[in-house]
Amino acid sequence: MSKKGNSNLIAIIAMIFLFGMISFVTNLAAPIGNIWKMQPGIEGSNFWGMMGNMMNFLAYAIMGIPAGKMLTKFGYKKTALIAIAVGFCGVFVQFLSGIVGVGGKLLGLPSNFFVYLLGAFVAGFSMCMLNTVVNPMLKLLGGARSNQYIQIGGSFNSLMGTLTPMLVGALIGTLTKDTLITDVNPVLFLAMGVFAFAFIVLLFVDIQDPEAVKDSSHAVSPMKFKHFVLGVIAIFVYVGVEVGIPGTLNFYLSDPVKGAGMDPSTAVAIAGFVAGTYWFLMLVGRLTSSVISGKVSARAQLTCVSAVALLLIVLAIILGNSAMVSMPVFKGQGFGMVQVPIAALLLVLCGLCTSVMWGTIFDLACEGLGASTNQASGIFMAMVVGGGIVPLIQNAIADAVGYMPSYWLLAVCVAFILYFAAIGSKVKKA
């Protein structure tokens, strides 16, 4: 293999690791929120426990469209290096939340909690930029095998999403008001190490940007297409559903007061395994979809999975913790059985459904846009903010009326996705 081929392979490996880091850093928010919600001043508030997740996704609303413009102005390599550096800083600030402002109060909340929120916000900027650049970087570096590398990257993304809540749950152990944010420092060090490795690798790899795409500044605004507008709403609520299901479930199983009544000594670890299994099923669903997509249309897939997801969520709300069931959970090295409320099993199965929603919604919403597709991509990236807003509202509802009733919000969101799949996605002229 030539010297350039070797350098490209190293860069491809770095990109695949970054693909995983998008999911790894994003999925830190919910399990770390378990620690913050137990701190004096927050006192078990799910709303504040989910605020780190909100800050992470809020960055997408601000950075979604500018990230695409950065790619055009600075090129792939510089944009990727900026994104990696920002990601390192975001995780480092989260690490500082265990040192700076500890013991202080600000607006009635722990001072260091605001340091953490700043870190989550900065990390969100990085995740948005990485989402914008990683796919085209793999396509550029991979050449004829680019699709294979992108699929590997997507699989690694799902795997890291699976491992994150497990690692944090294992590090926390028994969750009490004395649990410290510093308990998860090994995970933060791992994240910073991967960012540093990727930055050094890309810094010394020669990457030539492809020819710029034709100017689409005079294209019709995609917002003039009704099916696209509905698709934008669908992607907003979808990301909220994708994040809200396992995030709130993690809180529900871990909560020693208002939760599922699990054994406090093992609840956090089991909650991590259960949430991780949801992400593992997303990996299974994506691999399955990649096999059948050539034979089954995006509309048929989205209609089917949204209908099944709606049924599972409604059943989970109705049945709640009326019965305990044995559930196989992925523990990293293999599967094991744990006892959980039947609602947990039903909600975890939704991972198979949500796994294919992003791609199918994007495909249906962008159908017939032509030159407007580039603008549409930036708008879609901004709508990822739904992953922060919807779970935040859901957990405010959970604080007010309980965990299971809060899932009615997600049921409404999935019902809209079903409407979009069956009716709203039909292409109409601008």
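Preceding this paragraph is the structure being described.
Before going into details, it helps to say that this report is about the structure given with it. (Residues numbered from 1 in each chain as written. Predicted model: local features only at pLDDT ≥ 70, side-chain atom pairs only at ≥ 80, totals over all residues. Heavy atoms only, no water.)

### A closer look at the pattern of salt bridges
Enumeration over the complete set of coordinates arrives at 2 salt bridges. Its salt-bridge partner being Asp 255, residue Lys 37 comes within 3.6 Å of it at the nearest N-O pair. In this pair, Lys 37 is assigned in the loop between α2 (29–36) and α3 (46–49) and Asp 255 in the loop between α8 (226–254) and α9 (264–292), connecting sequence segments 218 residues apart. Taken individually, Lys 37 and Asp 255 each receive the classification buried, so the pair is uniform in this respect. Two residues, Asp 399 and Lys 258, come together in a salt bridge whose shortest N-O distance is 3.7 Å. One end of the pair, Asp 399, is in helix α14 (residues 386–401); the other, Lys 258, is in the loop between α8 and α9, and 141 residues separate them in sequence. (Salt bridge = Lys/Arg side-chain N within 4 Å of Asp/Glu carboxyl O. Helix = DSSP H or I, 4+ residues; strand = E, 2+ residues; numbered from the N terminus. Buried < 20%, exposed > 50% of the residue type's maximum accessible area, 1.4 Å probe, protein only.)

### Brief notes about empty space enclosed by the protein
Tallied over the entire structure, the rule returns 2 cavities of 30 Å³ or more. Quantified by volume, the largest cavity comes out at close to 120 Å³. Lining the largest cavity are 13 residues, with Asn 27, Ala 30, Pro 31, Gly 247 and Trp 279 sitting closest to its centre. Contributions of two or more residues to the lining of the largest cavity are made by α2, α4 (51–96), α8 and α9. The dominant element in the lining of the largest cavity, judged by the number of residues it contributes, is α8, at 4 residues. In the lining of the largest cavity, the residues fall into 8 nonpolar, 5 polar and no charged. The calculated volume of the second largest cavity comes to roughly 40 Å³. (1 Å grid on protein atoms, 1.4 Å probe; cavity = no way out; pocket = protein on both sides within 12 Å on 5 of 7 lines; lining within 4 Å. Points joined across faces, edges and corners; volume = space filled by probe spheres on them. Nonpolar A, V, L, I, M, F, W, Y, C, P; charged D, E, K, R; others polar.)

### Points about the packing of α4 against α14
Here α4 crosses α14 at 155°, and the two axes come no closer than 7 Å. On the basis of the axis angle, α4 is roughly antiparallel to α14. Crossing hand, α4 versus α14: left-handed. Where α4 approaches α14, its residues Met 51, Asn 53, Met 54 and Phe 57 are matched on the opposing element by Gly 387, Gly 388, Ile 389, Pro 391 and Leu 392. (Axes fitted to C-alpha atoms, helices over the stretch in contact; angles between N-to-C directions. Parallel < 35°, antiparallel > 145°, perpendicular 65-115°, else oblique. Left-handed = near helix turned anticlockwise from the far one by under 90°. Contact = heavy atoms within 4.5 Å.)

### A look at the nonpolar core
Formed by 146 residues in total, the largest nonpolar core has its most connected members in Leu 130, Ile 313 and Ile 361. If one sorts the elements of this core by residue count, α4 sits on top with 17 residues. Excluding residues within four positions of it along the chain, Leu 130 makes contact with Leu 18, Ile 22, Ala 83, Ile 84 and Phe 195. (Core = buried A, V, L, I, M, F, W, Y, C linked by side-chain atoms within 4.5 Å.)

The quantities given are spatial measurements derived from coordinates; they are silent on function.
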